[in-house]
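Summary of the model geometry
Now for the letters of each chain:
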Amino acid sequence: MCGIVGYIGKRQAAPILIEGLHRLEYRGYDSAGIAVGNKGRLKVAKRKGRVRELEALEPQKFRGVQGIAHTRWATHGEPSDLNAHPHSDTSGRYAVVHNGIVENAAALKAQLGQRGVVFRSETDTEVLAHLIALLDDGSPLETVVAEALRRVVGAYGLAVIDAERPDTLVVARNGSPIVLGIGDKEMFFASDPAALVRHTASVVHLDDGEIATVRADGYETRTLDGAATIKTPSTIPWKDEAFDKGQFTHFMRKEIGEQADAVRRTLSGRLDTRFHTTHLGGIELEARDLLDIRRVKILGCGAAYLSGRVGAHLIEQLARIPADAEPASEFRYRNAVIERDTLYIAVSQSGETFDTLAAVQEIKRKGGRIMGVVNVVGSTIARECGRGVYLHAGPEVAVVSTKTFTCTAVALALLAIHLGRLRDLSVANGARLVAALQALPDRIAGILEREPEIAKLAGRFQGVEHAFYVGRAAGHAIASEGALKLKEISYLHAEAYPASELKHGPLALIEPGTPTVIVLPRDDLYSKSLSTVEEIRARGGPVIAITHPGERPAVDGLFEVPALEPELDPLLLNIPLQLLAYHVALQRGTDIDQPRNLAKSVTVE
Ligand code: AGP
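In this report, we go over the structure that sits alongside the text. (Residues numbered from 1 in each chain as written. Predicted model: local features only at pLDDT ≥ 70, side-chain atom pairs only at ≥ 80, totals over all residues. Heavy atoms only, no water.)

Time to look at helix 5 (residues 141-149). Summarising burial for helix 5: 7 of the 9 residues are buried, a large majority. Taken together, the buried positions of helix 5 are occupied by Leu 141, Glu 142, Val 144, Val 145, Ala 146, Ala 148 and Leu 149. Those residues of helix 5 hidden inside the fold are in contact with helix 4 (126-135), strand 7 (154-162), strand 8 (169-174), strand 12 (210-215) and strand 13 (218-223). (Buried < 20%, exposed > 50% of the residue type's maximum accessible area, 1.4 Å probe, protein only. Helix = DSSP H or I, 4+ residues; strand = E, 2+ residues; numbered from the N terminus. Contact = heavy atoms within 4.5 Å.)

Next comes the structure, spelled out in structure tokens:
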């Protein structure tokens, strides 16, 4: 998705902005651009393609201590040099970078066209630059920008530079994040803290409807109506090194390998071996409140939704509370019934996914009780929920989620045990599950050491165009996540089904060239799943099983995961499927960290 970065201070802006754009590359984009102000003029460079293609235009040489830059993910208008941001007014005095969508762009374009404005791009953003130019009556820049934004319907995170106001940049937020970074006599801003960590850990998150005047020596925030707002800086908990690939070829592989440590951090301080339960301070709900809960509803998108499905299964099994997960992107539009005794949980790695945020706002509007399970501290969903559980998984740079899928499922397992121990989960079962969670990081590390076995299994996908992933109960959620990983990075068609549903339709597609990956724990459904294996193999379909040690099932390929405790086994069965997808994609030579058409954080509808 689109990214914004800005700088004003004592150093040359261009190198800082270009480096910031590189930090934002992981989010997915199709063009990039930069505007730097110097001596009453703006120098602008923009280009379709990667930041390194923008660098070929040598914007690094632009002189000036004030600038804005952008990575674009096309919404209005194809990816092209002209449609790339920044967009300028006719005179070239003002430039704007914008994340989000101006919904009334057509009407504004018509009004501006009547006043003689000629548009150079197909974007909605260009109207903002012309509007600001027409409205500038010499008032402070923030007043002019606020006046322009009052005429805009839609979502935005945006930044404005005026060549003739060299000591000021203006940023504003409505539905798309903007974070200010506080330096020493210099200020930064970005749509994602990843672009700031190299320079400062001290940040201020703008809220919707806020506009900020940013100068080298500080910032002021106010509402669009001009009322001053007071912000408290917070600290980004991430180190700059976390954004480096280190010895790895891909961030995805690095992040898969970080899972044992990431899970340790998710668990840290949250296991109680005295009462054989868990502590989750951030949920800020008393035991008495939690006892009133009659239903749990988990909402998220993509991999976050799928980890929510694992969590819902755990909550239902361990706490005996009816629980389910639903894509937030569906929930937000279906005028859902919100119940006062339901606990709603929003799950999001980035904390910025627009559909999930919209679901949270809908639940809050209707008076529902919401908490977040989020990785990025201080992100919009975390702040909107106001309570919840942080994953502490560290930054996830690869577009596909791996460590945060696992850590989210672990965080929900902690909640399941907590809710269970308030109800009928016995001391003995609590102790057994807490001990299993303590052992989890080492078990994950053990699986990761056996990567060559999985690389060999990946060889079975050579020449394949379609694959099925099946499992039962939580195993179906794990199979769905395995299929999602495979299709995202290898571009193979992979479909997940409940193993029980195969014979009700998809079995028609089974043939020798179509492998089926089955999640096959040795639980009480094992013998049922073995029947599924036989049904597939009887039709010539090769089967690869992710299973537990024991008497080997008759399959065509197999990886054995050490058994933990039956309820928590899904957390481990997921790990080999991540590696499998990675190695299939490696063989196929795809762009693993930045798969085509995808973005790390989907901040538009
Ligand atoms: C999964 O590999 C993708 N990164 C995607 O499905 C993602 O999980 C989804 O867009 C939700 O993102 P979030 O966790 O940041 O809300």
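If you walk across this open sheet you meet the 8 strands as 3-2-4-1-10-9-11-15, and the pairing is antiparallel. Only two strands of the sheet have a single neighbouring strand rather than two, namely strand 3 (41-48) and strand 15 (234-235). When strand 11 (residues 202-205) meets strand 15, the two strands line up antiparallel, connected through 2 bridges. Counted as the bridge partner of Val 203 is Ser 234 from strand 15. Contacts from helix 1 (residues 13-24) reach strand 1 (3-8), strand 2 (31-38), strand 4 (66-72) and strand 10 (187-190), with the element oriented near 155° to strand 1. (Pairing = 2+ DSSP bridges. Axes fitted to C-alpha atoms, helices over the stretch in contact; angles between N-to-C directions.)

Attention shifts here to the site of the ligand. The local shell around the ligand holds 13 residues, among which Ser 348, Gln 349, Ser 350, Thr 353 and Val 399 are the closest. In the environment of the ligand, an oxygen atom lies 2.9 Å from a nitrogen or oxygen atom belonging to the side chain of Glu 488. Protein coverage of the free-state accessible area of the ligand, which is 410 Å², stands at 93%. The pocket occupied by the ligand, as judged from atoms lying within 2 Å of grid points, is the largest pocket. Put simply, the parts of the chain that give the shell around the ligand at least two residues each are helix 9 (302-319) and helix 16 (474-490). No other element matches the 3 residues that helix 9 contributes to the shell around the ligand. (Near = heavy atom within 4 Å. Polar contact = N/O pair within 3.5 Å; in protein donor to acceptor, adjacent residues only side chain to side chain. Areas by Shrake-Rupley, 256 points an atom, 1.4 Å probe, with all protein chains shown as cover. 1 Å grid on protein atoms, 1.4 Å probe; cavity = no way out; pocket = protein on both sides within 12 Å on 5 of 7 lines; lining within 4 Å. Sits in = over half its atoms within 2 Å of the grid points.)

For the rest of this paragraph, the subject is the layout of surface pockets. Roughly 530 Å³ of volume is contained in the largest pocket. Residue lining of the largest pocket: 28 residues in total, with Cys 301, Gly 302, Ala 303, Lys 600 and Val 602 positioned closest to the centre. Among the elements of the structure, helix 9, strand 20 (342-348), helix 11 (354-365), helix 13 (403-422) and helix 16 are those that each provide at least two residues to the lining of the largest pocket. Looking at the lining of the largest pocket, the element that brings in the most residues is helix 9, giving 4 residues. Here the lining of the largest pocket is composed, by residue class, of 12 nonpolar, 12 polar and 4 charged. Estimated volume of the second largest pocket: approximately 450 Å³. In this structure, the second largest pocket is lined by 19 residues; those nearest its centre are His 22, Glu 25, Lys 245, Phe 251 and Gln 594. The biggest single contributor to the lining of the second largest pocket is helix 1, with 3 residues. Grouping the constituent residues of the lining of the second largest pocket by class yields 5 nonpolar, 4 polar and 10 charged. For the lining of the second largest pocket, the two domains that each supply at least three residues are domain 1 (2-243) and domain 2 (245-449). (Points joined across faces, edges and corners; volume = space filled by probe spheres on them. Nonpolar A, V, L, I, M, F, W, Y, C, P; charged D, E, K, R; others polar. Domains from an automatic or database assignment.)

Right, let's talk about the pairing of strand 7 for a bit. Most of strand 7 sits out of view: 9 of its 9 residues are buried. Residues Gly 154, Tyr 156, Leu 158, Val 160 and Asp 162 line one face of strand 7 and the alternating positions Ala 155, Gly 157, Ala 159 and Ile 161 line the opposite face, and both faces are buried. Direction of pairing for strand 6 (residues 94-102) relative to strand 7: antiparallel, over a ladder of 9 bridges. What sits directly across from Gly 100, in strand 7, is Tyr 156.

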